[in-house]
Amino acid sequence: MRLSRYFLPVLKENPAEAQIVSHRLMLRAGMIKQASAGIYSWLPMGFKVLKNIENIVHEEQIRAGHIPMLMPTLQSADLWRESGRYEDYGEEMLRMSDRHGRDMLYGPTNEELITDIFRSHVGSYKDLPLTLYHIQWKFRDEIRPRFGVMRGREFYMKDGYNFDIDYDSAMHAYNRHMVSYLRSYERMGLQAIPMRADSGPIGGDDTHEFLVLADTGESEVFYDSAITDLTFGDRAVDYDDWDACKAIVDEWTTPYARTDETHDEALFNEVPEARRKSSRGIEVGQIFYFGTKYSDAMGANVVNDKGERVPVHMGSHGIGVSRLLGAIIEASHDDKGIIWPEGVTPFHCGIVNLKQGDDEADAACEALYASLTALGLEPLYDDRNERAGGKFATMDLIGLPWRITVGPRGLKNGVVELTCRRTGESEELPPEQAIEKVAKIYATL
Ligand code: 5CA
């Protein structure tokens, strides 16, 4: 993409309404625009990152054996009356009626709708286990929408639902989700720690939230610092192997890590003092096992291998896709702007032409652009007639991990400059080597 043809409405001033750095940077980098309280338009660069995050979520869910589908945003109130949550959900639910006077709602989550689909089409244990998921907009009429996409009213969420014949099989689904989430967040360049949590209006006993440690997080968390040393890395996982998944879950759930709702001071005190930490965290996902709560209420049964009708065991599993943009920026920025992890960056590499209109510099930039594109990478070429300082400031603000700077002086010596946004380190290289280096970095992702 050439910046002269793109739509990147960068703000020079800090927007007054933004209280936290991720919100400020998303507005300044022209990623979002508030449409009304807690509801945002996703401008092209914000939309690109949102889609990158969504793609990682899809890839990892499919890898775990979960099946993508799509349910609507608008739901009939009748299903929610069956589960008993139409009244329970309270003011957070946006309710409306259609021209026939039928009660409708904008879905805050989809347990009822998926259970209805399940009971309409599945009747035998032979069709289990089954995990269906979708990524769809949700609406919760939060009393205090704030911090931009972090606590929106309209937000983008992945929600998955497992249907299993019994507790053990459902717990494997729970474990499989935890493993796939650990992998997903790491691919986004994030450390998200699973912490024992409270199930709130979703219900159930077993639940973990995934938290990104950040001062601006809304949750208070307590943990053994040993857990922050764990990494998933590139280990291969067989998602059908119950023991292998459980072993990974045990690895992450053995060190103490809890949100304030389930914090147990006595247990926490058993952690060696030097490793006892408390801080704030951003909740970027939550997994639940709630047994037969919805299948009992809504009659989602299957015939088991003895010919008896039994309710299915269920769980639901969410990832805050739109919130993740804020969480990633909170975890990865400096005073100049965003620093995108390679896994989610909107463009792989920036190209800055220091002397637009200089034949040699223009030609070198065009050649770089063509070569990077031919390798399947997406560069953002700042081809505007602007001063170098302004171009650098924009690149730093929007946070592309790599920048190639091209100027007549370097070209005389046959080199361009390759700069790493995270470390600020630069090196002079012949253009082909700069391209090769950038390509190699992305090839390992
Ligand atoms: N049905 C379950 C699992 S699918 C569920 O709704 N879980 S949840 O309530 O925990 O939401 C899942 C994730 O969505 C949360 O972990 C959080 O990351 C994100 N989320 C929840 N509310 C908001 C909000 N108001 N704005 C942005 N993201 C949100």
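Data block above holds the structure.
All of these numbers come straight from a predicted model, not from anything done at the bench. (Residues numbered from 1 in each chain as written. Predicted model: local features only at pLDDT ≥ 70, side-chain atom pairs only at ≥ 80, totals over all residues. Heavy atoms only, no water.)

A. Summary view of the overall build of the protein chain. Looking only at helices and strands, the protein chain has 14 helices and 23 strands in total. Computed over the C-alpha atoms, the radius of gyration of the protein chain is 24 Å, within 12% of the 22 Å expected from 2.2 N^0.38 for a compact globule of 445 residues. Seen through its C-alpha atoms, the protein chain measures out along the principal axes to roughly 80 × 60 × 40 Å. Taken across its 445 residues, the protein chain has 55% of its residues classed as buried. For the protein chain, the proportion of contacts with a sequence separation of at least 24, taken over those separated by at least 6, is 71%. Carbon and sulfur atoms provide 48% of the accessible area of the protein chain, an area that totals close to 19,600 Å². Taking the 50 positively charged and 71 negatively charged side chains of the protein chain as two groups, their mean positions are separated by 5 Å. (Helix = DSSP H or I, 4+ residues; strand = E, 2+ residues; numbered from the N terminus. Rg over C-alpha atoms; globule rule 2.2 N^0.38 Å. Buried < 20%, exposed > 50% of the residue type's maximum accessible area, 1.4 Å probe, protein only. Contact = heavy atoms within 4.5 Å. Areas by Shrake-Rupley, 256 points an atom, 1.4 Å probe, with all protein chains shown as cover. Lys, Arg positive; Asp, Glu negative; His and termini not counted. Charge placed at Lys NZ, Arg CZ, Asp CG, Glu CD.)

B. How the structure looks around the sheet that holds strand β21 (residues 402-406). With respect to topology, five strands assemble into an open sheet ordered β20-β19-β21-β22-β23, the strand pairing being mixed. This sheet does not close on itself; its edge strands, each paired only once, are β20 (379-382) and β23 (426-429). Ignoring which end each strand starts from, the neighbouring axes of this sheet average 20° apart. Helix α12 (residues 388-398) contacts β19 (349-353), β20 and β21 of the sheet and is inclined by roughly 170° relative to β19. (Pairing = 2+ DSSP bridges. Axes fitted to C-alpha atoms, helices over the stretch in contact; angles between N-to-C directions.)

C. Representation of the packing of helix α6 (residues 167-187) against helix α7 (residues 242-253) in the model. Relative to each other, α6 and α7 sit at 60°, their axes nearing to 9 Å. As far as their axial angle goes, α7 and α6 are oblique. Regarding α6 and α7, the two cross each other, and that crossing is left-handed. Residues Asp-168, Ser-169, His-172, Asn-175, Met-178, Val-179 and Leu-182 of α6 pack against Trp-242, Cys-245, Lys-246, Ile-248, Val-249, Trp-252 and Thr-253 of α7. For the contact of α6 with α7, a count of residues per class yields eight nonpolar, four polar and two charged. (Parallel < 35°, antiparallel > 145°, perpendicular 65-115°, else oblique. Left-handed = near helix turned anticlockwise from the far one by under 90°. Nonpolar A, V, L, I, M, F, W, Y, C, P; charged D, E, K, R; others polar.)

D. Local environment of the site of the ligand. Around the ligand, a shell composed of 22 residues is seen, among which Thr-109, Glu-111, Arg-140, Gly-152 and Glu-283 lie nearest. In this structure, Gly-285 approaches the ligand through a main-chain N or O atom, which is 3.3 Å from an oxygen atom. Within the side chain of Gln-286, a nitrogen or oxygen atom sits 3.2 Å from an oxygen atom of the ligand. A total of 600 Å² of accessible area belongs to the ligand in isolation, and the protein chains cover 96% of it. (Near = heavy atom within 4 Å. Polar contact = N/O pair within 3.5 Å; in protein donor to acceptor, adjacent residues only side chain to side chain.)

E. A look at the sheet that holds strand β5 (residues 94-97). The three strands lie next to each other as β4-β6-β5, forming an open sheet whose pairing is antiparallel. With partners counted over all chains shown, the strands left at the sheet margins are β4 (74-76) and β5, one partner each. Strand-to-strand, the axes of this sheet are offset by a mean angle of 35°, without reference to chain direction. Pairing between β4 and strand β6 (residues 103-106): three bridges, direction antiparallel.

F. The arrangement of the state of the cysteines in detail. The tally for this structure, following the rule as stated, stands at zero disulfides. Cysteine Cys-365 is unpaired, with the sulfur of Cys-349 as its nearest cysteine sulfur at 11 Å. As a non-bridged cysteine, Cys-420 has Cys-349 as the owner of its nearest cysteine sulfur, 11 Å distant. What makes Cys-420 buried here is its relative accessible area of 14%. (Disulfide = S-S within 2.5 Å.)

G. Fine view of the pattern of salt bridges. For the structure on display, the rule yields 28 salt bridges. Across the pair Arg-151 and Glu-142 runs a salt bridge, and its minimum N-O distance is 2.9 Å. Residue classification places Arg-151 among the partly exposed positions, given a relative accessible area of 21%. Looking at Glu-142, the relative accessible area reads 13%, which means it is buried. The partner of Asp-250 in a salt bridge is Lys-246, and the shortest N-O contact between them spans 3.1 Å. One end of the pair is Asp-250 and the other is Lys-246, both in helix α7 and four residues apart, which spans about a single turn. Accessibility expressed as a relative area gives 32% for Asp-250, which makes it partly exposed. In this structure Lys-246 comes out as partly exposed when scored by relative accessible area, which is 42%. (Salt bridge = Lys/Arg side-chain N within 4 Å of Asp/Glu carboxyl O.)

Honestly, that's just the spatial picture; any functional story needs more than this.
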